[in-house]
Amino acid sequence: MSLIAGGRLLCSAVHVGLNLVFLTPGEQGGMEVYARELIRRLAQRDDLRLTAFVNRRARGQEWGEGVEEVLVDVDATDRRQWVTGEQWHLPRLAHAAGCELVHSLASTAPVRGPFRRITTIHDLNYKLVPDTHFGVRGLGMRVLVPAAARRSHRIIADSASTADDLVRHLGVDRAKIDVVPLGVTPQPDVTPTPEAELRARLELGDRPVLLTFSAKRPHKNLMRLVEAHARLPSPRPALVLPGYPTPYERALRERVRQLGTEAEVRFLGWVSDEDREGLYALAEVFAFPSLYEGFGLPPLEAMARGVPVVTSDRGSLAEVAGDAAAIVDPESVEQIAGAIERLLRDEAERERLRAAGRERAARFTWERTAELTVAAYRRALDPAAASR
């Protein structure tokens with residue numbers, strides 16, 4: 001690839017630094033999926049040279065063939081160390097490594113450095129759904145995300161909805177934003193846990209299964225989901241909620257107890273790939289009524305597996321799902337319950353959404369994400385091209 005930067009032709013591979021100072025493996029959900037899947041595809045290209053800047057806890061990970069690793073010697077679980085690593089150590093280390101461009105993958109970024117800066121801002125959760133972040137992290141996001149938006153040469157947004165939020169709430173020039181949708185991760189090469197085994201272990205009986213894969217955090221709107229489930233006519237489906245435990249789970253469990261649906265709700269922790277695929281295979285409906293998402297991978301992953309989806313009209317979710325899902329107002333328990341009940345009752349509509357969902361999900365690939373990301377790199381390195 002040849003790039004133009006400052007009037008000079010770049011024929012060799014462009015040296016891109018990848019800001020992974022934020023990453024604590026197993027704790028960042030969708031942002032970690034994004035980083036791993038994108039870097040794996042970028043590493044397959046011969047027009048890029050990649051250096052991953054990682055904190056102590058992410059050291060020694062497999063990023064892709066030829067990806068160099070440089071330690072930023074901080075523990076990112078300590079938010080103060082994370083900020084110090086990103087704002088002070090990373091610029092020095094990236095300059096010493098000879099990076100021409102630094103891509104920050106998790107909404108915050110160094111605000112200085114003698115290289116071009118591009119930042120993926122996934123969402124404005126910290127501003128639009130403040131319960132998402134609290135304490136030191138919440139304060140940090142309120143300062144660091146706007147700073148990244150101002151000081152980056154270009155911004156990548158996961159969706160047009162997030163691009164609109166950046167313009168509306170942070171005053172970002174739309175010409176500075178590249179919309180780069182995420183991809184659907186291919187299904188793991190595992191044998192799904194057999195339905196009979198899952199039903200026996202989870203004591204599901206012969207009930208239909210209503211599934212969600214969602215972090216147990218307030219903005220994911222699981223409280224209204226358990227309330228909607230309680231409104232379904234008997235015999236109700238089993239509501240299965242996998243995901244790592246959080247303090248908010250206590251409130252969810254208490255609400256289920258108040259509703260008298262404990263016998264029909266299953267709170268699970270992390271599940272294996274085999275169990276995950278087994279749950280998708282036996283689910284009749286997948287529900288994801290989040291109040292706000294910058295993109296929303298879980299509904300697409302369910303669609304790719306042919307599970308009919310009920311999701312929200314907020315943030316990017318309706319944009320991503322299109323007409324391949326049942327779209328509801330996430331603040332209406334009645335709408336959530338009504339959409340789930342209709343799908344459970346209407347086999348023809350379930351079949352339509354199974355086919356439409358698979359077709360829709362097939363449009364979102366990590367290869368396309370990588371291609372559009374490299375196009376954003378070109379614009380960051382050649383400001384004149386961005387204005388054409």
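In short, a report on the structure. Predicted model only: the values in this text are computed from it and were never measured.

**What to know about empty space enclosed by the protein**
- A complete count under the given rule lists two cavities of 30 Å³ or more for this structure.
- In this model, the second largest cavity occupies a volume close to 30 Å³.
- Surrounding the second largest cavity, Pro299, Leu300, Met303, Thr311, Leu317, Val320 and Ala321 form its lining.
- Put simply, the parts of the chain that give the lining of the second largest cavity at least two residues each are helix 10 (297–304) and helix 11 (317–321).
- Here the lining of the second largest cavity is composed, by residue class, of six nonpolar, one polar and no charged.

**Description of the sheet that holds strand 6 (residues 101–104)**
- Spatially, seven strands are ordered 5-4-3-6-7-8-9 in an open sheet, and the strand pairing comes out parallel. Edge positions in the open sheet fall to strand 5 (68–71) and strand 9 (177–179), since each of these has one partner strand only. Within the sheet, the average angular offset between the axes of one strand and its neighbour, ignoring direction, is 25°.
- Pairing analysis gives four bridges linking strand 4 (residues 48–54) to strand 5, with the strands arranged parallel. From the neighbouring strand, Phe53 faces strand 5, where its bridge partner is Val70.
- Helix-sheet contacts for helix 5 (residues 160–170) involve strand 7 (116–121), strand 8 (154–157) and strand 9, and the interaxial angle to strand 9 is about 160°.

**Focus on the sheet that holds strand 13 (residues 283–288)**
- Ordered in space as 12-11-10-13-14-15, the six strands form an open sheet in which the pairing is parallel. Sheet topology places strand 12 (265–267) and strand 15 (326–328) at the edges, where each strand pairs with a single neighbour. Here the average twist between neighbouring strands, direction ignored, is 20°.
- The pairing of strand 11 (residues 238–241) with strand 12 spans three bridges and is parallel. Note that in strand 12 the partner of Val240 across the bridge is Arg266.
- With respect to the sheet, helix 9 (residues 273–282) is in contact with strand 10 (209–211), strand 11 and strand 13, its orientation differing from that of strand 13 by roughly 105°.
- Across the sheet, helix 10 touches strand 13 and strand 14 (309–312), and the angle it forms with strand 13 is around 160°.

**Notes on the environment of Glu293**
- Mapped onto the elements, Glu293 comes out in the loop between strand 13 and helix 10.
- Between the C-alpha atoms of Glu293 and Ser161, which are 132 residues apart in sequence, the distance is 9.2 Å.
- Beyond its immediate sequence surroundings of up to four residues, Glu293 is in contact with His219, Lys220, Phe288, Gly315, Ser316 and Leu317.
- Within the local environment of Glu293, its side chain forms a polar contact with the side chain of Ser290, the two groups lying 2.7 Å apart.

**Here we look at the pairing of strand 6**
- Side chains of strand 6 alternate between two faces, with Leu101 and His103 and Val102 and Ser104 buried alike.
- Pairing of strand 3 (residues 14–20) with strand 6, which is carried by four bridges, proceeds in the parallel orientation. Across the sheet, Leu18 pairs through a bridge with His103, a residue of strand 6.
- With four bridges joining them, strand 6 and strand 7 adopt parallel strand pairing. Bridge pairing in strand 7 places Leu101 opposite Arg116.

**Overview of the pattern of salt bridges**
- All chains considered together, the criterion is met by 32 salt bridges.
- The partner of Glu37 in a salt bridge is Arg40, with the nearest N and O atoms 3.1 Å apart. Here Glu37 pairs with Arg40, and both are found in helix 1 (residues 30–42), just three residues apart, close to one helical turn.
- The exposure class assigned to Glu37 is buried, which follows from its relative accessible area of 9%.

About the criteria used
- The written sequence of each chain sets the order in which its residues are numbered from 1.
- Thresholds applied to this predicted model are a pLDDT of at least 70 for local features of residues and 80 or more for the giving and counting of side-chain atom pairs; totals over whole chains, interfaces and linings are not thresholded and use all residues.
- In computing side-chain values, all of the structure's heavy atoms are included and hydrogens and water are not.
- Lining residues are those with an atom within 4 Å of a point, where the points come from a 1 Å grid over the protein atoms alone and group into cavities, where a 1.4 Å probe fits but cannot get out, or pockets, open sets with protein on both sides within 12 Å along at least five of seven lines.
- Grid points are joined across faces, edges and corners, and a volume is the space filled by probe spheres set on the points.
- Counting from the N terminus, the helices are the DSSP runs of H or I reaching at least four residues and the strands are the DSSP runs of E reaching at least two.
- Nonpolar residues are Ala, Val, Leu, Ile, Met, Phe, Trp, Tyr, Cys and Pro. Charged residues are Asp, Glu, Lys and Arg, and all others, Gly as well, are polar.
- Only strands joined by at least two bridges in the DSSP assignment are considered to pair.
- Note on geometry: axes are C-alpha line fits, over the in-contact stretch for helices, and angles between N-to-C directions span 0 to 180 degrees.
- Note on contacts: a residue pair qualifies if any of its non-hydrogen atoms lie within 4.5 Å across the two residues.
- Here a polar contact is recorded for every N or O atom pair within 3.5 Å, except that within protein the pair must consist of a potential hydrogen donor and a potential acceptor, and residues adjacent in sequence are included only if both atoms are side-chain atoms.
- The rule is simple: take the accessible area with a 1.4 Å probe, protein chains only, and divide by the maximum for that residue type; under 20% is buried, over 50% is exposed, in between is partly exposed.
- Just to be clear on terms, a salt bridge is a Lys or Arg side-chain nitrogen sitting within 4 Å of an Asp or Glu carboxyl oxygen.

Interpretation in functional terms is not warranted from these geometric data alone.
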